[in-house]
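The primary structure of each chain is shown beneath.
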Amino acid sequence: MSKILITGGAGFIGSTLADKLIEEGNQVVIVDDLSMGDVENLPKSMNVTFHEESITNHFFMTKLLITNNFDYIYLLAAVASVADSIERPIETHAVNQNANLNILETIRKEKLTPKKIVFSSSAAVYGNGPELPKKETSSIDPMSPYAIDKFATERFMVDYGKLYGLPTVCTRFFNVYGPKQNPKSPYSGVLSIVSDCLVRDDIFTLFGDGSQTRDYVYIDDVVDALLILATTPEAKNDVYNVATGETISLVDVIKAYESASGRKVKVVKKEARLGDVQDSLADITKLRGLGYEPKVNVTAGLAKYWDALQEK
Ligand code: UD2
């Protein structure tokens, strides 16, 4: 049994990871300010401790880290909206970068001994470069405060390893989808918005012509990737794409969802979003090298997603 910290553990990815870690018999501590997360997402288990707190409360975080000396730390708390970071760059910087730096500093100064610190970064760091698929070595072009903070924090993670010996690893998530993803913001994952429209029989606004492609990765595969990265010692002070290595257009993914759900999506088209990337696809060779293999293709993932929504 390990003692594990998940920041952002009431959110979509964090809470699904928590479910899995609890199932495996670990003790999980969650810090989440519920800005996007929900207490409903938390695993109902004696082995979960939940703190409703922001990671920007450095005093709180420092004390929590020292008191627990966690075996594994998953840094999933973030203001995950690119648009929000453009509106409020200073506030989002406090969460997306400074709070994580405080955690690293505490671990260094207090000589804490986590086996791994896993930081969640984003495909946003690649920006709009033409190279496809994106390799971890592809050119970086962060185009928003969100992407800048993710990239800079990756660098802190990698270099805290090289400078001070901290065992860190970073994930560049592509388009993660699945149950528990919060559709409440217009910048939430598009498949959570489509799901919501299907459930409520609402109209879905499609930005652009729908030909834009994405590498949609199902949450269970993402949890697998997180566990592999945490427990593989050689995955250290490095960055990994987390995706499926397959791409599909928005119109086709909507069609696939219609087949999975047996319902029709009502679509209204609007102009493409400013700054929208046309195509996104990951090269996952590096992660495959650690034994990762995506198990859920889009057809299966959408079916699982729809089933989970029906159960709710
Ligand atoms: C993803 C990340 C974002 C950033 C970006 C970097 C998610 C949720 N977002 O944005 O944080 O890392 O990659 O490139 O993973 N769309 C619609 N209607 C809607 C919502 C979206 O047509 O109501 C379109 C949108 O214009 C885009 C596609 O669907 O072309 C996917 O949108 P998204 O927000 O799910 O993800 P993305 O790739 O733009």
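Shown above is the structure to which this text applies.
Attention here is on the structure that accompanies the text. (Residues numbered from 1 in each chain as written. Predicted model: local features only at pLDDT ≥ 70, side-chain atom pairs only at ≥ 80, totals over all residues. Heavy atoms only, no water.)

## Overview of the packing of aromatic side chains
Applicable threshold: For Phe, Tyr and Trp, where Trp contributes only its six-membered ring, two rings pair if their centres lie within 6.5 Å, and the inter-plane angle classes them as stacked under 30 degrees, edge-to-face over 60, or tilted in between. Helix numbering and strand numbering both begin at the N terminus, where a helix is a DSSP run of H or I of at least 4 residues and a strand a DSSP run of E of at least 2. The cut-offs for exposure are 20% and 50% of the maximum accessible area for each residue type, with area from a 1.4 Å probe on protein chains only; residues under the lower value are buried, those over the upper are exposed, and the others partly exposed. Placement of a charge over a ring requires the Lys NZ or Arg CZ to be within 6 Å of the ring centre, with the centre-to-atom vector within 35 degrees of the ring normal.
A complete count under the given rule lists eight aromatic pairs for this structure. Judged by centre distance (5.3 Å) and plane angle (70°), the rings of Tyr177 and Tyr218 are edge-to-face. Of this pair, Tyr177 sits in strand 7 (residues 175–177) while Tyr218 is found in strand 10 (residues 216–218), placing the two residues 41 residues apart along the sequence. For Tyr177, a relative accessible area of 1% corresponds to the buried category. Since its relative accessible area comes to 3%, Tyr218 is described here as buried. Every member of this aromatic cluster is reached through a ring pair, and the members are Tyr177, Tyr216, Tyr218, Tyr257, Tyr305 and Trp306. Sitting over the ring of Tyr164, Arg108 keeps its end group 4.4 Å from the ring centre. Here the basic side chain of Lys286 rests over the ring of Tyr240, its NZ or CZ set 4.9 Å away from the ring centre.

## Regarding the sheet that holds strand 1 (residues 3–7)
Here is the rule we go by: Being paired, for any two strands, means DSSP has found at least two bridges between them. Angles run from 0 to 180 degrees between N-to-C directions of axes, and those axes are lines fitted to C-alpha atoms, restricted for helices to the stretch in contact.
With respect to topology, seven strands assemble into an open sheet ordered 3-2-1-4-5-6-11, the strand pairing being parallel. Pairing within the sheet leaves two strands with one partner each, and these edge strands are strand 3 (48–52) and strand 11 (238–242). Adjacent strand axes in the sheet meet at a mean angle of 20° when their direction is disregarded. In the sheet, strand 2 (residues 27–32) pairs with strand 3 via five bridges, with the strands oriented parallel. Within strand 3, the position partnered with Val31 by the bridge is His51.

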